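This is what each chain is made of:
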Amino acid sequence: MAVPSIPHKTPVALAVWRPARVPEPLISVIIPLASGEAEPHGLLSAMPDDVEIILARGGTRATSMNHAAAIAKGAHFWFVHADTRIKPEAIQALLGKLPREKATLCFDLRFDGGLFMRLTELGVLVRSRLLGLPFGDQALCLSRNAFRALGGYDERAIEGEDHLLVRKAHRAGLAVEPVGVTILTSARKYRRNGWFRTTWLHLRLTVRQTVLPLR
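As the structure is a prediction and not an experimental result, all values here were calculated from the model.

Cut-offs used in this document
Residues numbered from 1 in each chain as written. Predicted model: local features only at pLDDT ≥ 70, side-chain atom pairs only at ≥ 80, totals over all residues. Heavy atoms only, no water. Helix = DSSP H or I, 4+ residues; strand = E, 2+ residues; numbered from the N terminus. Rg over C-alpha atoms; globule rule 2.2 N^0.38 Å. Buried < 20%, exposed > 50% of the residue type's maximum accessible area, 1.4 Å probe, protein only. Contact = heavy atoms within 4.5 Å. Lys, Arg positive; Asp, Glu negative; His and termini not counted. Charge placed at Lys NZ, Arg CZ, Asp CG, Glu CD. Phe/Tyr/Trp six-rings, centres within 6.5 Å; stacked < 30°, edge-to-face > 60°. Lys NZ or Arg CZ within 6 Å of the ring centre and 35° of its normal. Pairing = 2+ DSSP bridges. Core = buried A, V, L, I, M, F, W, Y, C linked by side-chain atoms within 4.5 Å. pLDDT = per-residue confidence, 0-100. Polar contact = N/O pair within 3.5 Å; in protein donor to acceptor, adjacent residues only side chain to side chain.

1. Focus on the overall build of the protein chain
Phase 1: Looking only at helices and strands, one finds 8 helices and 7 strands in the protein chain.
Phase 2: For 215 residues, the compact-globule estimate of 2.2 N^0.38 gives 17 Å, and the protein chain sits close to it at 16 Å.
Phase 3: Seen through its principal axes, the protein chain has C-alpha atoms that stretch 45 × 35 × 35 Å.
Phase 4: By the burial criterion, 50% of the 215 residues in the protein chain qualify as buried.
Phase 5: Long-range pairs, those at least 24 residues apart, make up 75% of the contacts in the protein chain with a sequence separation of at least 6.
Phase 6: Across the protein chain, the mean location of the 29 positive side-chain charges is 4 Å away from that of the 19 negative side-chain charges.

Structural data, given as structure tokens:
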């Protein structure tokens, strides 16, 4: 599946692939990329032909995803990180959950790391399933109407924009629903910064954003 590259003429550059025979697809897959980050060809090739794909490069993650969502045609927005690996059964499970207007859908997570990452996976399971607080690397999916009613991602947030969106969704009465399938993501941030330090930073951010009132 070819996705054309668009020169970086603006802070956020978009590359868009739309299925010719599906003017209003069920799903728009939105993939944020950092400046200079390679296109995730493995992830792109895993996507079915009848979805819209938007690569958003540059800016903060919040601004890039909001820019992509502003032009997206799909009835549902599926926000997928570039280092995510998705199998066909995960896509089929997501399709089986749609349409959902009053829910934020998320996946269970597995990391490509060792023993400590198994502990992280358990923490992710507790946080998302018991506390209803999935993070962005769990490939959040919600309807276009719900996303726009929530005002999109908070572009004032330097980090944790996904957590803030989920909190707004809770406040608006949108349930968090697990798709029931595991996706694989990279543990490189944990390897680069250390497991204990990264886990502590995530925990501190979660607590701070949970306690602070939404703006």
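Having seen the structure, we can now continue with the description.
2. Observations concerning the packing of aromatic side chains
Phase 1: Enumeration over the complete set of coordinates arrives at 10 aromatic pairs.
Phase 2: With centroids separated by 5.2 Å and ring planes inclined at 40 degrees, the aromatic side chains of Phe79 and Phe147 adopt a geometry described as tilted. Taken together, the residues span a long stretch of sequence, with Phe79 in strand 4 (residues 76-79) and Phe147 in helix 5 (residues 144-149) at a distance of 68 residues. The residues Phe79 and Phe147 share a single accessibility class, namely buried.
Phase 3: The side chain of Arg127 reaches across the aromatic face of Phe135, ending 3.7 Å from its centre.

3. Some details on helix 2 (residues 61-71)
Phase 1: Of the positions making up helix 2, those classed as buried are Ala62, Thr63, Ser64, Met65, Asn66, Ala68 and Ala69.
Phase 2: On its buried face, helix 2 is in contact with strand 1 (13-17), strand 2 (27-33), strand 3 (52-57), strand 4, helix 5 and helix 6 (161-171).

4. As for the pairing of strand 4
Phase 1: Covered by surrounding structure in strand 4 are His76 and Trp78 together with Phe77 and Phe79, the residues of both alternating faces.
Phase 2: Note that strand 2 and strand 4 share 4 bridges and pair parallel. Of the residues in strand 4, the one forming a bridge with Ile27 is His76.
Phase 3: Pairing of strand 4 with strand 6 (residues 141-143) involves 3 bridges; the strand directions are antiparallel. Pairing of His76 across the sheet is with Ser143, part of strand 6.

5. Re the nonpolar core
Phase 1: Ranked by size, the top nonpolar core spans 34 residues in total, and within it Val29, Ile31, Met47, Trp78, Ile86, Leu94 and Phe107 carry the most contacts.
Phase 2: Counting residues per element, the ones that place at least two in this core are strand 2, helix 1 (41-46), strand 3, helix 3 (88-97), strand 5 (103-111), helix 4 (115-130) and strand 7 (175-185).
Phase 3: Membership of the second largest hydrophobic core comes to 25 residues, among which are Ile30, Ala69, Phe147 and Val176.

6. As for the confidence of the model for the protein chain
Phase 1: Looking at the protein chain as a whole, its pLDDT mean stands at 89, while 92% of the residues score no less than 70.
Phase 2: When mean pLDDT is taken per element in the protein chain, strand 4 scores highest with 98 and helix 8 (residues 195-211) scores lowest with 82.
Phase 3: This stretch, residues 1-10, has a pLDDT under 50; its non-local contacts, to residues over four places away or in other chains, come to 22 contacts.

7. Things to note about the environment of Arg110
Phase 1: Along the chain, Arg110 falls in strand 5.
Phase 2: What Arg110 contacts, discounting residues up to four positions off in sequence, is Arg118, Glu121, Thr182, Ile183, Leu184 and Thr185.
Phase 3: Within the structure, the side chain of Arg110 is placed 3.5 Å from the side chain of Glu121, a separation counted as a polar contact.

8. A few points about the side chain of Thr120
Phase 1: Considering the arrangement of structural elements, one finds Thr120 in helix 4.
Phase 2: Owing to a relative accessible area of 10%, Thr120 belongs among the buried residues under this scheme.
Phase 3: Setting aside residues no more than four positions away along its own chain, Thr120 makes contact with Phe111, Tyr190, Trp195 and Thr199.

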